[in-house]
Protein chains: 2
Amino acid sequence: MAKPVAERAEVIPLLAEVFRTRGYEGATLGLISEATGLGKGSLYNFFPGGKEEMAREVLAHVDAWFTDHIYAPLRRTKDPDAAIAAMFVAVDGYFRSGGRVCLVGAMALDATREVFAGRIRTYFVGWIEALTAALRRRGEPKARARHMAESCVLEIQGALVLARALDDREVFARALKASRQRLASR
Amino acid sequence: MAKPVAERAEVIPLLAEVFRTRGYEGATLGLISEATGLGKGSLYNFFPGGKEEMAREVLAHVDAWFTDHIYAPLRRTKDPDAAIAAMFVAVDGYFRSGGRVCLVGAMALDATREVFAGRIRTYFVGWIEALTAALRRRGEPKARARHMAESCVLEIQGALVLARALDDREVFARALKASRQRLASR
DNA sequence: GTCTATAGAGTGATAGAC
DNA sequence: GTCTATCACTCTATAGAC
């Protein structure tokens, strides 16, 4: 038996980077093979469902990362303001200060949305609900908390679009700062 | 001479709809042919540069529409508040209250950005500068006007992402309303 | 009859599946 | 790596305006 070249789990971040930079349709198996160092045979061994399964696993991985690093702390915290501050730090790090695109957001705009609608929705619902929970725990009224959370998530997505369109990370930095201040005001 | 089947100008909105719904890579010539009712011969007669020229013309057409209906009124107006209000109405109409995606924003997130970076940038720079001009004419300080304009454009883009991700136009309506109120406060 | 715009079969390249 | 489908694009026969 041939020695496994890699663990399935460790290729997923590599796949994610290909999908993020090239989009779902632009991520050819050739590029994926190159990025992972895996032949097509190995890829189909790991992901019998092909490219669609790869993307599904990547989305699940992204969702898990956000759940662990962002949603769960927001939900659990005794100190909502600290958790929200931590969220902005994590988001800035994850999106490389605007230099990295949101794969889920990009897929939402693409025709691939139809295929992955469930996971895309889960990601954003999870984010908004976790942030809403933190804001409520801070004492915000229900409707206001929800609206603030929705605005915040939406601003981050818009900032990623604009930062990339203008090729200017400062746009992202400014937007994060403004969003943080808006959540801080009571 | 064979009878021309259409005006070049009148196929561009049809092309735009294909690119908008399928993305650049997902817009196959087969789909384009079907959507326009034009054979490949006609398409290549109109657009010798092929798919890339089609997309370039579509982007130019979108940019022209925004210039005519949004940027120019913002720049020219004697009544900035009315022009800004009109902008929100036009934007809501153009994006079908969140049911339609921003082609330029979607391309900015995609790998196609590299090919169309210039036009993508022009679109957003034009928007931000026009809105900044209107805000300045209303008496906002330069830096604040620019920042408000940037935030507004970014919120619209984010709202389009989120509305589509959640398949909920109300998200777009709420975001437009919030953005309008934020620009109105002095 | 001439000539141009058209339709769509044909081409080579390359995709994803296996 | 091989296979088949499908891609963007080319080419050619033809319809039809002049």
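For the structure itself, consult the block above.
Reference entry: report on the structure contained in this document. (Residues numbered from 1 in each chain as written. Chains lettered and ligands numbered in written order. Predicted model: local features only at pLDDT ≥ 70, side-chain atom pairs only at ≥ 80, totals over all residues. Heavy atoms only, no water.)

### Details of the protein's contact with DNA strand C
Piece 1. The environment of DNA strand C is made up of 17 residues, and the closest members are A:Leu29, A:Tyr44, A:Lys51, B:Ser42 and B:Asn45.
Piece 2. The sugar-phosphate portion of DNA strand C accounts for 59% of its atoms within 4 Å of the protein, the bases making up the rest.
Piece 3. Here A:Leu29 contributes a backbone N or O atom positioned 2.4 Å from a phosphate oxygen of DNA strand C.
Piece 4. In this structure, B:Lys40 approaches DNA strand C through a side-chain N or O atom, which is 3.3 Å from a base oxygen.
Piece 5. Residue assignment for the surface near DNA strand C shows that the elements contributing at least two residues are α3 (40-46) and α4 (50-76) of chain A together with α3 (40-46) of chain B.
Piece 6. For the surface near DNA strand C, the leading source of residues is α3(B), giving four residues.
Piece 7. A class-by-class count of the residues in the surface near DNA strand C yields seven nonpolar, six polar and four charged. (Near = heavy atom within 4 Å. Polar contact = N/O pair within 3.5 Å; in protein donor to acceptor, adjacent residues only side chain to side chain. Helix = DSSP H or I, 4+ residues; strand = E, 2+ residues; numbered from the N terminus. Nonpolar A, V, L, I, M, F, W, Y, C, P; charged D, E, K, R; others polar.)

### Focus on the environment of A:Phe66
All names here are of chain A.
Piece 1. Along the polypeptide, Phe66 turns up in helix α4.
Piece 2. Using a relative accessible area of 0% as the deciding quantity, one classes Phe66 as buried.
Piece 3. For the pair Phe66 and Tyr94, spaced 28 residues apart in the sequence, the C-alpha separation amounts to 9.4 Å.
Piece 4. With sequence-adjacent residues up to four places away left out, Phe66 is seen in contact with Tyr71, Tyr94, Phe95, Tyr123 and Trp127. (Buried < 20%, exposed > 50% of the residue type's maximum accessible area, 1.4 Å probe, protein only. Contact = heavy atoms within 4.5 Å.)

### A word on the relation of the copies chain A and chain B
Piece 1. At an RMSD of 0.1 Å, chain A and chain B line up after a rotation of 180 degrees and a shift of 0.0 Å along the axis. What the rotation and shift describe, once combined, is the action of a two-fold rotation axis. Residues of chain A ranked by C-alpha distance from the rotation axis are headed by A:Gly158, positioned 1.8 Å from it.
Piece 2. Interface residue correspondence from chain A to chain B reaches 100%, placing this contact among same-surface, isologous pairings. (Least-squares fit on C-alpha atoms with pLDDT ≥ 70 in both.)

### What about the packing of aromatic side chains?
Piece 1. On inspection of all chains with the given rule, the structure shows 30 aromatic pairs over all chains.
Piece 2. For the pair B:Phe46 and B:Phe47, a centre-to-centre distance of 6.3 Å together with 70 degrees between the ring planes defines the contact as edge-to-face.
Piece 3. Judged by centre distance (5.3 Å) and plane angle (70 degrees), the ring pair of B:Trp65 and B:Phe66 falls under edge-to-face.
Piece 4. Site record: aromatic cluster; members linked through ring pairs are A:Trp65, A:Phe66, A:Tyr71, A:Tyr94, A:Phe95, A:Tyr123, A:Phe124, A:Trp127 and A:Phe172.
Piece 5. If you follow B:Lys51 out to its NZ or CZ, it ends over the ring of B:Tyr24, 5.0 Å from the centre. (Phe/Tyr/Trp six-rings, centres within 6.5 Å; stacked < 30°, edge-to-face > 60°. Lys NZ or Arg CZ within 6 Å of the ring centre and 35° of its normal.)

### Examining the nonpolar core
Piece 1. The biggest cluster of nonpolar side chains holds 135 residues, and the ones touching the most others in it are A:Phe95, A:Trp127, B:Phe95 and B:Trp127.
Piece 2. The dominant element in this core, judged by the number of residues it contributes, is helix α8 (residues 142-166) of chain B, at 14 residues.
Piece 3. The residues touching A:Phe95, leaving out its near neighbours within four places in the chain, are A:Phe66, A:Arg100, A:Val101, A:Cys102, A:Tyr123, A:Trp127, A:Ile156, A:Leu160 and A:Phe172. (Core = buried A, V, L, I, M, F, W, Y, C linked by side-chain atoms within 4.5 Å.)

### Topic: the interface of chain A and chain B
Many structure descriptions define interface size as the accessible area lost when the parts assemble.
Piece 1. Counting residues at the interface gives 37 residues for chain A, matched by 37 residues for chain B.
Piece 2. Linking chain A with chain B are four salt bridges, by the criterion used here.
Piece 3. Residue B:Arg182 pairs with A:Glu155 through a salt bridge whose shortest N-O separation is 3.9 Å.
Piece 4. Sorting the residues of the side of chain A that touches chain B by element identifies α1 (8-26), α6 (103-109), α7 (113-137), α8 (142-165) and α9 (169-184) of chain A as the ones contributing at least two each.
Piece 5. A total of 13 residues in the side of chain A that touches chain B trace back to one element, the largest contributor, which is α8(A). (Salt bridge = Lys/Arg side-chain N within 4 Å of Asp/Glu carboxyl O.)

### Some points on the pattern of salt bridges
Piece 1. Counted by the stated rule, this structure contains 26 salt bridges over all chains.
Piece 2. For A:Arg8, the salt bridge is made with A:Glu57, and the minimal N-O distance between the two is 2.9 Å. Here A:Arg8, found in helix α1, pairs with A:Glu57, found in helix α4; they are 49 residues apart in sequence, far enough to count as distant.
Piece 3. Note on A:Arg8: relative accessible area 27%, which makes it partly exposed.
Piece 4. Look at A:Glu57 and you get partly exposed, because its relative accessible area is 25%.
Piece 5. In this structure, B:Asp81 and B:Arg138 form a salt bridge, with 3.1 Å as the shortest nitrogen-oxygen distance. Taken together, the positions of B:Asp81 in helix α5 (residues 80-94) and B:Arg138 in the loop between α7 (113-137) and α8 put the pair 57 residues apart, joining distant regions of the chain.

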